[in-house]
Amino acid sequence: MRLILAPMEGVLDHLMRDLLTRINPFDLCVTEFVRVVDMRLPPRVFYRLCPELHNGCRTPAGTPVRIQLLGQEPDWLAENADQACRLGAEGIDLNFGCPAKTVNKHRGGAALLGDSEQLYHIAKAVRAAVPAHLPVTAKIRLGLAERDSYLENSQALAEGGISELAVHARSKQDGYRPPAYWPLVAEIKQALSIPVVVNGEIWNAEQAKLAQQQSGCNDIMLGRGALALPNLAATIKNGTAPMSWEKVIALLLNYSSLEVEGNKAVYYPNRIKQWLSYLKLYYPQAQDLFRDIRTLKHTDDIRHKLEEVTLPVISY
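So, here is what we can say about the structure in this document. Computed from a predicted structure; not experimentally measured. (Residues numbered from 1 in each chain as written. Predicted model: local features only at pLDDT ≥ 70, side-chain atom pairs only at ≥ 80, totals over all residues. Heavy atoms only, no water.)

Close contact between helix α6 (residues 150-160) and helix α7 (residues 182-191) brings their axes to 10 Å; oriented N to C, the two are set at 35 degrees. Where α6 crosses over α7, the two elements pack in a sense that is right-handed. Facing Tyr 150, Leu 151, Ser 154 and Gln 155 of α6, the residues of α7 in contact are Leu 184, Glu 187, Ile 188 and Ala 191. (Axes fitted to C-alpha atoms, helices over the stretch in contact; angles between N-to-C directions. Helix = DSSP H or I, 4+ residues; strand = E, 2+ residues; numbered from the N terminus. Left-handed = near helix turned anticlockwise from the far one by under 90°. Contact = heavy atoms within 4.5 Å.)

What follows is about the layout of surface pockets. Put simply, the largest pocket is a space of about 490 Å³. Forming the walls of the largest pocket are 30 residues, and the residues nearest its centre are Pro 7, Met 8, Lys 139, His 168 and Tyr 176. Listed by contribution, the elements that provide at least two residues to the lining of the largest pocket are β2 (28-35), β5 (136-141), β8 (219-222) and α9 (224-228). No other element matches the three residues that β2 contributes to the lining of the largest pocket. For the lining of the largest pocket, the per-class residue count stands at 14 nonpolar, nine polar and seven charged. (1 Å grid on protein atoms, 1.4 Å probe; cavity = no way out; pocket = protein on both sides within 12 Å on 5 of 7 lines; lining within 4 Å. Points joined across faces, edges and corners; volume = space filled by probe spheres on them. Nonpolar A, V, L, I, M, F, W, Y, C, P; charged D, E, K, R; others polar.)

One closed barrel accounts for eight strands, arranged β1-β2-β3-β4-β5-β6-β7-β8; its pairing is parallel. Here the strands of the sheet are splayed against their neighbours by 30 degrees on average, with no regard to which way each runs. In this structure, strand β4 (residues 92-96) lies alongside β5, joined through five bridges in parallel fashion. By the bridge assignment for β5, Asn 95 is matched with Lys 139. The sheet strands contacting helix α1 (residues 14-23) are β1 (3-5), β2 and β3 (65-70), and the helix crosses β2 at an angle near 170 degrees. Sitting on the sheet, helix α3 (residues 74-86) is in contact with β3 and β4, with an inclination near 160 degrees to β3. (Pairing = 2+ DSSP bridges.)

Applying the stated criterion across every chain yields a total of three aromatic pairs. Taking 5.2 Å as the distance between ring centres and 80 degrees as the angle between the ring planes, the aromatic pair formed by Tyr 255 and Trp 275 counts as edge-to-face. Residue Tyr 255 is found in helix α11 (residues 245-261), and its partner Trp 275 is found in helix α12 (residues 268-279); the two are separated by 20 residues along the sequence. Here the two residues Tyr 255 and Trp 275 agree in accessibility, since each one is buried. Put simply, the rings of Trp 245, Tyr 282 and Tyr 283 pair up and form one aromatic cluster. Taking the ring centre of Tyr 176 as reference, the NZ or CZ of Arg 141 above it sits at 5.0 Å. Directly above the aromatic system of Tyr 181 lies the positively charged group of Arg 147, at a separation of 3.8 Å from the ring centroid. (Phe/Tyr/Trp six-rings, centres within 6.5 Å; stacked < 30°, edge-to-face > 60°. Buried < 20%, exposed > 50% of the residue type's maximum accessible area, 1.4 Å probe, protein only. Lys NZ or Arg CZ within 6 Å of the ring centre and 35° of its normal.)

Turning our attention to empty space enclosed by the protein. Empty space among the atoms can be located by rolling a probe the size of a water molecule over them. Counted by the stated rule, this structure contains two cavities of 30 Å³ or more. Approximately 80 Å³ is the volume attributed to the largest cavity. For the largest cavity, the lining is made up of 13 residues, of which Asp 93, Thr 137, Glu 164, Ala 166 and Met 221 are closest to its centre. Contributions of two or more residues to the lining of the largest cavity are made by β2, β5 and β6 (164-168).

Our next topic: the side chain of Thr 235. Tracing the chain through its elements places Thr 235 in helix α10 (residues 232-237). Among all residues touching Thr 235, those that are not within four sequence positions of it are Ala 205, Leu 229, Thr 240, Ala 241 and Pro 242.

The buried fraction of β5 is high, at six of six residues. With five bridges joining them, β5 and β6 adopt parallel strand pairing. Counterpart to Thr 137 in the pairing with β6 is Glu 164. After leaving β5, the chain enters α6 and then returns to the sheet as β6, a path that is right-handed. (Right-handed = clockwise from strand over helix to strand, strands pointing away.)

Encoded structure:
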């Protein structure tokens, strides 16, 4: 089994990748998307979204990181895939799964699921631009309004030369509403000769096993579940007990230090509230903490509130 930390725009940045790969046996991370329109982007764009390029494209814990591109123009995507690889990327991922309206209205992400021919051309162009020894992968959903185009799209991407496909087992219109339709991923798995990774609605080890059984996939991609239960990957792969609330608080303080010491300190209040909104899906205590800090706007005030919870303080 391989466990992959999903790309989540505005959430799973390099600091969160650092934190989660320290405490989990992830085999791979995928960056937030690099938006490609009509130019070869300068190196600073790639370094900003993937500072791991300075470390062999690995997190401090040693977990490989793959750079994700989002766009609709095959040639420009190919140009930027080449740029990323020249900077040290160890693989390229293509985003055809993002359901955000701001992305889709510019024909990016899941909007391309209605055009399998374009998917083919994008995959073929990027595959030709990336050195043969490096993987080109993609992530899709099951369709746009309906769950009806997944086989056609999957086959188009495979014919274009991708080496692996991750499938979020819902349509664009489904958004993130349960359930995830894992049995439909099994149809993709049976139709393709390349590896297929199942994603969607995996919140605990039991659901991970069920997703594997129903999809026929051995490999799993974790997104929101990895934020709701920070050591989810460890519970799935190693049978580790779910992290206690006390250790979660210590983790939040650790994350706070990373944010404040980094260049994103201005965003810290919103970031910590955002993470608590996921944590409260697993930890009832997170709801109370979220309520306590909801109106706080200053980093020091929020950190003091976190420190008040740690009795006794648990080092991590």
